[in-house]
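# Structural features, examined
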Amino acid sequence: MNDRLKAQLDFLTEADKLKAVYRATKVLDGHRHEDSGSHSWHIALYAMILAEYAKTPVNIDRVIRMLLIHDLVEIDVGDSPIHGDHDIAEMEAKEAAAADRIFGLLPNDQRDTFRALWDEFEAAESDDAVFAKSIDRVQPVIGNLETNGGTWPEYNVTAAQLEDRVGWKVAKGAPAIWDHLRQRITDWFAKNG
């Protein structure tokens, strides 16, 4: 086997570990917590289906690529729930080190391409990255809405926290989606909050 193929297969074997990283959000039937591998697949599908709602035109292929790799760092650092309590700077440093290690398994050209794409997602400045970040935030909200609040009660989440931690990020890239979700959130908290 040539060195390039071996490196690529080593990376893919390592990426399989994302399936063993569990998130705070539960799958919609409630039988278990969602794993980060499933989350990455699901939000890539969300992006493909909901691309027409992007605030500005996006290159959906690039968005999907970002979404498929954005959480690979969780192999090393685990998932940090958005409503959890953690040091953001420390988490970002650990994730950057994980990105170096994990993307470093690839041949140099792919390492550089994927790391640049991951950095672009994290910075959330390009239209593609802004939309990708929006969609990354949409799926857990819908998951919680579809499971009668899901883990919101466990994390003592309020409607104001959702607006502050999630809403503006979704609205920045997909305002029509946030307008729709905001009404559902308002209705849920009116009944349950």
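Further up the page is the structure itself.
Residues numbered from 1 in each chain as written. Predicted model: local features only at pLDDT ≥ 70, side-chain atom pairs only at ≥ 80, totals over all residues. Heavy atoms only, no water.

Along the backbone of the chain there are nine helices and two strands. Along the chain, helices (α) and strands (β) appear in the sequence α-β-β-α-α-α-α-α-α-α-α when read from the amino end. Its C-alpha atoms give the chain a radius of gyration of 17 Å, near enough to 16 Å, the size a compact globule of 193 residues would have. Principal axes of the C-alpha set define a box for the chain whose edges measure 60 × 35 × 30 Å. (Helix = DSSP H or I, 4+ residues; strand = E, 2+ residues; numbered from the N terminus. Rg over C-alpha atoms; globule rule 2.2 N^0.38 Å.)

This next bit is on the nonpolar core. Nonpolar side chains tend to gather and get buried jointly when the protein is soluble and globular. Counting residues in each nonpolar core, the largest one holds 44 residues, and the members touching the most others are Phe103, Ile135, Trp152, Leu181 and Ile185. Elements represented by at least two residues in this core include exactly helix 2 (36-50), helix 3 (60-69), helix 5 (88-103), helix 6 (108-123), helix 7 (127-146), helix 8 (159-173) and helix 9 (175-192). Among the elements that take part in this core, helix 7 stands out by supplying eight residues, more than any other. Once residues lying within four places of it in the same chain are set aside, the contact partners of isoleucine 185 are Val141, Leu145, Trp152, Ala159, Leu162 and Trp178. (Core = buried A, V, L, I, M, F, W, Y, C linked by side-chain atoms within 4.5 Å. Buried < 20%, exposed > 50% of the residue type's maximum accessible area, 1.4 Å probe, protein only. Contact = heavy atoms within 4.5 Å.)

Let us look at the pairing of strand 1 (residues 22-26). Every other side chain in a regular strand lies on the same face of the sheet, so the side chains alternate between the two faces. Pairing geometry for strand 1 and strand 2 (residues 33-35), over two bridges, is antiparallel. By the bridge assignment, tyrosine 22 is partnered in strand 2 with aspartate 35. What sits between the antiparallel neighbours strand 1 and strand 2 is a turn of six residues, in which glycine 30 has the positive phi angle 75°. (Pairing = 2+ DSSP bridges.)

Quick look at the packing of helix 8 against helix 9 now. Interaxial distance between helix 8 and helix 9 falls to 8 Å at its minimum, and their mutual angle equals 165°. On the basis of their axis angle, the class for helix 8 and helix 9 is roughly antiparallel. Crossing hand, helix 8 versus helix 9: right-handed. On helix 9, the residues that touch Ala159, Leu162, Glu163, Val166, Gly167, Val170, Ala171 and Gly173 of helix 8 are Pro175, Ile177, Trp178, Arg182, Ile185 and Phe189. (Axes fitted to C-alpha atoms, helices over the stretch in contact; angles between N-to-C directions. Parallel < 35°, antiparallel > 145°, perpendicular 65-115°, else oblique. Left-handed = near helix turned anticlockwise from the far one by under 90°.)

A separate point is the packing of aromatic side chains. For the structure shown, the criterion picks out five aromatic pairs. An angle of 20° between the planes, with centres 5.6 Å apart, marks the rings of tryptophan 152 and phenylalanine 189 as stacked. You can see tryptophan 152 sitting in the loop between helix 7 and helix 8 and its partner phenylalanine 189 sitting in helix 9, a full 37 residues away along the chain. Three or more aromatic residues joined by ring pairs form one cluster here, namely Phe11, Phe103 and Phe114. (Phe/Tyr/Trp six-rings, centres within 6.5 Å; stacked < 30°, edge-to-face > 60°.)

It is worth spelling out a nonpolar patch on the surface at this point. Together, Trp41, Leu45, Met48 and Ile49 make up an exposed nonpolar region whose accessible area comes to about 430 Å². Here leucine 45 is to be found in helix 2. In this structure leucine 45 comes out as partly exposed when scored by relative accessible area, which is 30%. (Patch = residues over 30% accessible without salt bridge, like charges linked within 9 Å, V, L, I, M, F, W, Y side chains within 5 Å. Areas by Shrake-Rupley, 256 points an atom, 1.4 Å probe, with all protein chains shown as cover. Salt bridge = Lys/Arg side-chain N within 4 Å of Asp/Glu carboxyl O.)

Of note, serine 134 is situated in helix 7. Judged by its relative accessible area of 0%, serine 134 falls in the buried class. Engagement of the side chain of serine 134 in a polar contact is seen with the backbone oxygen of lysine 169, the distance being 2.8 Å. A polar contact is formed between the side chain of serine 134 and the backbone oxygen of valine 170, at a distance of 3.3 Å. Apart from the residues within four sequence positions on either side, serine 134 is in contact with Lys169, Val170, Lys172, Gly173 and Ala174. (Polar contact = N/O pair within 3.5 Å; in protein donor to acceptor, adjacent residues only side chain to side chain.)

Let's shift gears to helix 1 (residues 3-15). Across its 13 residues, helix 1 extends 18 Å between first and last C-alpha, which sits within 8% of the 18 Å expected from 1.5 Å per residue. Along helix 1, the residues that are buried comprise Ala7, Phe11 and Glu14. Considered in projection along helix 1, the buried side chains sweep an arc of 65° and stay on one side of the axis. Exposed and oriented more than 90 degrees from the buried face of helix 1 are Leu12 and Thr13. Where the residues of helix 1 are buried, they touch helix 4 (74-77) and helix 5. At the N-terminal boundary of helix 1, the capping side chain belongs to asparagine 2, with an oxygen 3.1 Å from the backbone nitrogen of arginine 4. (Expected span 1.5 Å × (residues − 1). Arc of directions from axis to C-beta.)

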